[in-house]
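Chain by chain, the residues:
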Amino acid sequence: MTELNETHDPSLRSWVESANDEANGFPVQNLPYCVFRRAGAGDFRPGVGIGDRILDLDALAKAQPFTGDAARALAACQGPELNALMALGTAAWSALRLALSRALRQGSALRDTLEPLLVPQSEAEFAVPARIGDYTDFYISVHHATAVGRQFRPDNPLLPNYKWVPIGYHGRASSIGVQQHFPRPVGQTRPSQEGGAPAFGPCARLDYELELGVFVGTGNPLGRRIAMEEAESHVFGLTLLNDWSARDLQAWEYQPLGPFLSKNFASTISPWIVTLEALAPFRLPFQRAAGDPQPLPYLASSRNTAAGAFDIRLQVSLSTGRSREQGAPAATLSRSNFRHAYWTVAQLLAHHTVNGCNLQPGDLLGTGTLSGPDVSEAGSLLELTQGGKAPLSLPWGESRTFLEDGDEVTLSAECVKPNYPRLSFGASVGRVLPALT
């Protein structure tokens, strides 16, 4: 578990002036990673965000400004993905963060070396930041599980295993992207009468899911589990994740083996990965409600209890074709917080590998929908509209039960506390296009 160090000093300022603007969210205390290129030009390469700029790490690696572990880590930041850096482990990640922090601070002797390597974010296009070999989506919000379960099982919304085991399913890595515009999925839906034939056509109950994604750093050999005490050392960082869901397809297909075509058509992440080290000032104790079962020993540790949760504020916004034509700002649909999650990042890795499953650098774990205890903190339309029974009214005169063609959903996240710079996760942005015919 990362301790506070000099990179977290709230008084640090950067010679990149935009990084010192509280509204920007990419101060020198953040330094999130991405993979980018100048729009339409050159190869994709790793970068780090500072203010409204991106530092080209591939170009910086060729200048060889660092030594030791930092130099080794920077050398891994070449090519079209971050997997090589992710594989190096916490010592290398921390060394590179410290070297970058010092190089980007006011008064740095390396300013003349780094300044020509800055690219405006407004002139960049982004790629998925890692080669994602495998993707597992969990279900760690007890508030989401209860709200959804209540729609189908009013008297017993949670299944008996929920408070004992982190529930998850294996998803589709190939359809994960950044800034996605994707066609409405089509498929089978439940027959209108018992024993009848299912219908086939475009999804009518398309939904978003407000999630965080956990990027695995160093992996584990097949057959060797990751213990709770070391689990976070295998985590490179967190990103925003929208795991779009076709609710009507899901209702027909999910028994007995779980989600399939209702989930694998698109999953949209933010281009940015915020490291666990950057999030150290925003840790919280991990607590269970009184009367709930405590985690089994393999899912428990004193460190996790003391500081295994994170205070990350989450938000969902929606624009439509009509709102964009009118120039109306996107409507905020809900706000939530990662601190409400029933399981922690460390527990997800410990559980995923307890049977000997091997994780690899770049693998992605989704948290599942991160709803809070209040209805205004719901992380999906399924909850906000009570399964389509209570339409949402939008400020420009439209209403929604589920998503329509042209709708654009933006997920955002930030960490905020008194006397500390605001940290942003950027945004996960996706737009629904008409179904393919």
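Residues numbered from 1 in each chain as written. Predicted model: local features only at pLDDT ≥ 70, side-chain atom pairs only at ≥ 80, totals over all residues. Heavy atoms only, no water.

Enquirer: Now, about the sheet that holds strand β4 (residues 118-120): what can you tell me, with residues and values included?
Expert: In space, the five strands of this open sheet follow the order β4-β3-β2-β1-β5, with antiparallel pairing throughout. Two strands in the sheet have a free side with no partner beyond their single neighbour: β4 and β5 (124-127). Neighbouring strand axes in the sheet, compared pairwise and without regard to direction, differ in orientation by 50 degrees on average. With three bridges connecting them, strand β3 (residues 53-56) and β4 associate as antiparallel partners. Paired with L55 across the bridge in β4 is L118. (Pairing = 2+ DSSP bridges. Helix = DSSP H or I, 4+ residues; strand = E, 2+ residues; numbered from the N terminus. Axes fitted to C-alpha atoms, helices over the stretch in contact; angles between N-to-C directions.)

Enquirer: Account for the UniProt feature "binding site: substrate" (unreviewed entry) in the protein, with residues named and values stated.
Expert: Per the UniProt record, "binding site: substrate" (unreviewed entry) is annotated on Y139, R153, Q250, Y254 and T369. Considering only the residues just annotated, the largest pocket is lined by Y139, R153, Q250, Y254 and T369. Relative to the elements of secondary structure, Y254 occurs in the loop between α8 (247-253) and β16 (267-269). Its location among the elements puts T369 in the loop between β22 (364-366) and α12 (381-384). Under the relative-accessibility criterion, T369 is labelled buried at 2%. When sequence neighbours within four positions are dropped, the list of residues in contact with T369 reads S141, H144, E209, L210, E211, G379, S380 and E383. (UniProt positions renumbered as here; feature names shortened; annotations may be inferred. 1 Å grid on protein atoms, 1.4 Å probe; cavity = no way out; pocket = protein on both sides within 12 Å on 5 of 7 lines; lining within 4 Å. Buried < 20%, exposed > 50% of the residue type's maximum accessible area, 1.4 Å probe, protein only. Contact = heavy atoms within 4.5 Å.)

Enquirer: Lay out the packing of helix α2 (residues 68-75) against helix α4 (residues 90-104) with the relevant residues and their values.
Expert: Taken N-terminus to C-terminus, the directions of α2 and α4 make an angle of 95 degrees; their axes are 7 Å apart at the nearest point. Between α2 and α4, the angle is such that the two are roughly perpendicular. Seen from α2, the contacting residues are D69, A70, R72, A73 and L74; seen from α4, they are A91, A92, A95, L96 and A99. (Parallel < 35°, antiparallel > 145°, perpendicular 65-115°, else oblique.)

Enquirer: Lay out the packing of aromatic side chains in plain terms, naming residues and giving numbers.
Expert: Counted under the stated rule, the structure contains 10 aromatic pairs. When the centroid spacing of 5.5 Å and the interplanar angle of 85 degrees are considered together, the rings of F282 and Y420 count as edge-to-face. In this pair, F282 sits in the loop between β17 (274-275) and β18 (283-284) while Y420 sits in the loop between β25 (408-415) and β26 (423-433), placing the two residues 138 residues apart along the sequence. Across the pair, exposure class does not vary: F282 and Y420 are buried alike. Sitting above the plane of the F282 ring, K417 keeps its charged end 5.8 Å from the centroid. (Phe/Tyr/Trp six-rings, centres within 6.5 Å; stacked < 30°, edge-to-face > 60°. Lys NZ or Arg CZ within 6 Å of the ring centre and 35° of its normal.)

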